[in-house]
Amino acid sequence: GSGQAAVSNFKRKPVIVIVVGMAGSGKTTFMHRLVSHTHESNIRGYVMNLDPAVMTLPFGANIDIRDTVRYKEVMKQFNLGPNGGILTSLNLFATKFDEVVSVIEKRADQLDYVLVDTPGQIEIFTWSASGAIITEAFASTFPTVIAYVVDTPRSASPVTFMSNMLYACSILYKTRLPLVLAFNKIDVAQHQFALEWMEDFETFQAAVSADSSYSSNLAQSLSLVLDEFYKNLRSVGVSAVTGAGMKDFFNAIEASTDEYMETY
Ligand code: GDP
Ligand code: MG
């Protein structure tokens, strides 16, 4: 690759797992499950919360943005609404992010994974300068994988599914990092339909056509674009509530990391 000098310092561990997904997809609950799984499986994890607005965190975080930035104070001080407050808090934290990375570097030999939760509203992290700065700071120092959490029951309609996949696709191209789709809430609805749609775009096109009123020419074309996108990722079904699929998830993270290290 282009960064030959950097390769020699680039270690295999810890792997950074950045958890993103639409609001309500279950990121925080999934994080909680991942943290429990690491404890049960003797996996050495480090936990980071980047959501300044979360009221109560169900898991213990080693690094918590709320220790550094007071979201409510930021809102008052800069006269901002909730989203502006979260964004500005993230910006303030991003200016100190080299310190965060060096804390992890010092502990690198004792860590397998760094699990990172992000703000509820996805675009605050994925379409902001600070989100990009934080992602880049991680990815230039450690192998970094994006875990894109999908609300499976709410993606059962083909058009909703497609919108969600296009968003995931945009994140893949924006970050250029390996991406794992975590089809969450499989305790409510199995993700088999998603696998079938991803496997065979004709099946998906048929589902879109059956979705009535919607003018589906665009959807038909987009499904071909997505077909290419699917080849670049791994997908697993999980339930943050029951704990189903945790092994599959970590296997997918490992396989993505191996691939990433090879092509680095
Ligand atoms: P976030 O906004 O992405 O962080 O989502 P949360 O973790 O706050 O979860 C949103 C809602 O989905 C909550 O009511 C959770 O209890 C629920 N939830 C999360 N994961 C699961 C799951 O695997 N199964 C079910 N049934 N509900 C879930
Ligand atoms: Mg959350």
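Residues numbered from 1 in each chain as written. Chains lettered and ligands numbered in written order. Predicted model: local features only at pLDDT ≥ 70, side-chain atom pairs only at ≥ 80, totals over all residues. Heavy atoms only, no water.

**Considering the site of ligand 1**
Short version of the rule: Throughout, the term near means that a residue has one or more heavy atoms lying within 4 Å of the molecule or strand in question. Between N or O atoms, a polar contact is any pair within 3.5 Å; within protein, one atom must be a potential hydrogen donor and the other a potential acceptor, and residues adjacent in sequence are included only when both atoms are from side chains. Think of it this way: any DSSP run of H or I at least four residues long counts as a helix, any run of E at least two long counts as a strand, and we number them from the N terminus. Polar here means any residue other than Ala, Val, Leu, Ile, Met, Phe, Trp, Tyr, Cys and Pro, which are nonpolar, and Asp, Glu, Lys and Arg, which are charged; Gly is therefore polar.
In the vicinity of ligand 1 there are 14 residues, among which Lys27, Thr28, Thr29, Asp187 and Ala240 approach most closely. Side-chain polar atom of Thr29 to an oxygen atom of ligand 1: 2.5 Å apart, as the coordinates give it. In this structure, a nitrogen atom belonging to ligand 1 sits 2.7 Å away from a side-chain N or O atom of Asp187. Looking at the shell around ligand 1, the element that brings in the most residues is helix H2 (residues 27-40), giving three residues. When its residues are assigned to classes, the shell around ligand 1 shows four nonpolar, seven polar and three charged.

**Brief notes about the environment of Arg12**
Selection criterion: Only protein chains enter the accessibility calculation, which uses a 1.4 Å probe. A residue is then buried if its area is under 20% of the maximum for its type, exposed if over 50%, and partly exposed in between. Note on contacts: a residue pair is in contact if any heavy atoms of the two residues lie within 4.5 Å.
Relative to the elements of secondary structure, Arg12 occurs in the loop between helix H1 (4-7) and strand S1 (15-21). According to the relative accessible area criterion, Arg12 is partly exposed, its value standing at 25%. Arg12 sits 166 residues away from Pro178 along the chain, and the two C-alpha atoms are 14 Å apart. Excluding residues within four positions of it along the chain, Arg12 makes contact with Pro143, Glu254, Thr257, Asp258 and Met261. For Arg12, the side chain forms a polar contact with the side chain of Asp258, separated by 2.7 Å.

**Focus: the packing of helix H6 (residues 97-107) against helix H8 (residues 129-139)**
In plain terms, the rule: Orientation is described by axes fitted as lines to C-alpha atoms, over the contacting stretch for helices, and by angles from 0 to 180 degrees between their N-to-C directions. In this scheme, roughly parallel covers angles under 35 degrees and roughly antiparallel covers those over 145, while 65 to 115 is roughly perpendicular and the rest are oblique. Less than a right angle of anticlockwise turn of the near helix away from the far helix marks a crossing as left-handed, whereas a clockwise turn marks it as right-handed.
Where H6 meets H8, the closest approach of the two axes is 10 Å, and the angle between their N-to-C directions is 30°. Of the possible angle classes, the one that applies to H6 and H8 is roughly parallel. At the point where H6 passes H8, the crossing takes the right-handed sense. Seen from H6, the contacting residues are Phe97, Val101 and Ile104; seen from H8, they are Ile134, Ala137 and Phe138. For the contact of H6 with H8, a count of residues per class yields six nonpolar, no polar and no charged.

**Let's talk about the confidence of the model for the chain**
What counts here: Scored from 0 to 100, pLDDT reflects the predictor's confidence in each residue.
In the predicted model, the chain carries a mean pLDDT of 93, and the fraction of residues at 70 or more is 94%. Counting contacts from residues 1-5, a segment whose pLDDT is below 50, to residues more than four positions away or on other chains yields zero contacts.

**With respect to the pairing of S1**
For clarity, the threshold we go by: Any two strands with at least two DSSP-identified bridges between them are counted as paired.
A large share of S1 lies buried, amounting to seven of its seven residues. Of the two faces of S1, the one lined by Val15, Val17, Val19 and Gly21 and the one lined by Ile16, Ile18 and Val20 are each fully buried. The sheet contact formed by S1 and strand S4 (residues 113-117) spans five bridges and is parallel. Its bridge partner being in S4, Val15 is matched across the sheet by Tyr113. Of the pairings in the sheet, the one linking S1 to strand S5 (residues 144-151) comprises six bridges and is parallel in character. Residue pairing across strands places Ile16 opposite Thr144, the latter belonging to S5.

**Here's the deal with the sheet that holds strand S3 (residues 63-64)**
Judged by pairing direction, the sheet is parallel, and its seven strands sit side by side in the order S3-S2-S4-S1-S5-S6-S7 without closing on themselves. Pairing within the sheet leaves two strands with one partner each, and these edge strands are S3 and strand S7 (233-237). Most of the contacts of H2 go to S4, to which it runs at about 160°, and overall it touches S1, strand S2 (45-49), S4, S5 and strand S6 (179-184). Contacting S2, S3 and S4, H6 crosses the sheet at an angle of about 170° to S2.

**Some remarks on the nonpolar core**
Soluble, globular proteins show a tendency: their nonpolar side chains are buried together. Quick reminder of the rule: In these notes, a set of buried Ala, Val, Leu, Ile, Met, Phe, Trp, Tyr and Cys residues joined through side-chain atoms within 4.5 Å is what counts as a nonpolar core.
With 60 residues, the main nonpolar core has Met48, Phe97, Tyr148, Phe161 and Leu181 as its most contacted residues. Sequence-distant contacts of Tyr148, defined by excluding residues within four places in its chain, comprise Val20, Gly21, Met22, Ile122, Asn164, Tyr167, Ala168, Ile171, Leu179, Val180, Leu181 and Ala182.

**As for unusual backbone geometry**
Look at the link from Lys13 to Pro14: it is a cis peptide, with omega at -5°. When you line up the elements, Pro14 lands in the loop between H1 and S1. In this structure, Asn79 takes a positive phi of about 55° despite not being glycine. Within the element layout of this structure, Asn79 appears in the loop between helix H4 (71-77) and helix H5 (82-94). Owing to a relative accessible area of 71%, Asn79 belongs among the exposed residues under this scheme. In the Ramachandran plot, Arg176 falls in the positive-phi region, its phi being about 55° despite a non-glycine side chain. Structurally, Arg176 can be placed in the loop between helix H9 (158-175) and S6.

**Digging into the packing of aromatic side chains**
Put simply, the rule reads: Aromatic rings from Phe, Tyr and Trp, with only the six-membered ring used for Trp, were paired whenever their centres fell within 6.5 Å, and each pair was classed as stacked if the ring planes differed by under 30 degrees, edge-to-face if by over 60, and tilted otherwise. Geometrically, a lysine NZ or arginine CZ counts as sitting over a ring once it is within 6 Å of the ring centre and also within 35 degrees of the ring normal.
This model, assessed by the stated rule, comprises 13 aromatic pairs. With a centroid separation of 5.2 Å and 65° between ring planes, the pair formed by Phe161 and Trp197 is classed as edge-to-face. Taken together, the residues span a long stretch of sequence, with Phe161 in helix H9 and Trp197 in helix H10 (residues 192-199) at a distance of 36 residues. By the burial criterion, Phe161 is buried, and Trp197 matches it. Chaining the aromatic ring pairs together yields one cluster made of Phe161, Phe183, Phe193, Trp197 and Phe204. Above the face of the Tyr113 ring, Lys13 is positioned so that its terminal group lies 5.0 Å from the ring centre. Note that Lys174 overlies the ring of Trp127, its terminal NZ or CZ placed 4.8 Å from the centroid.

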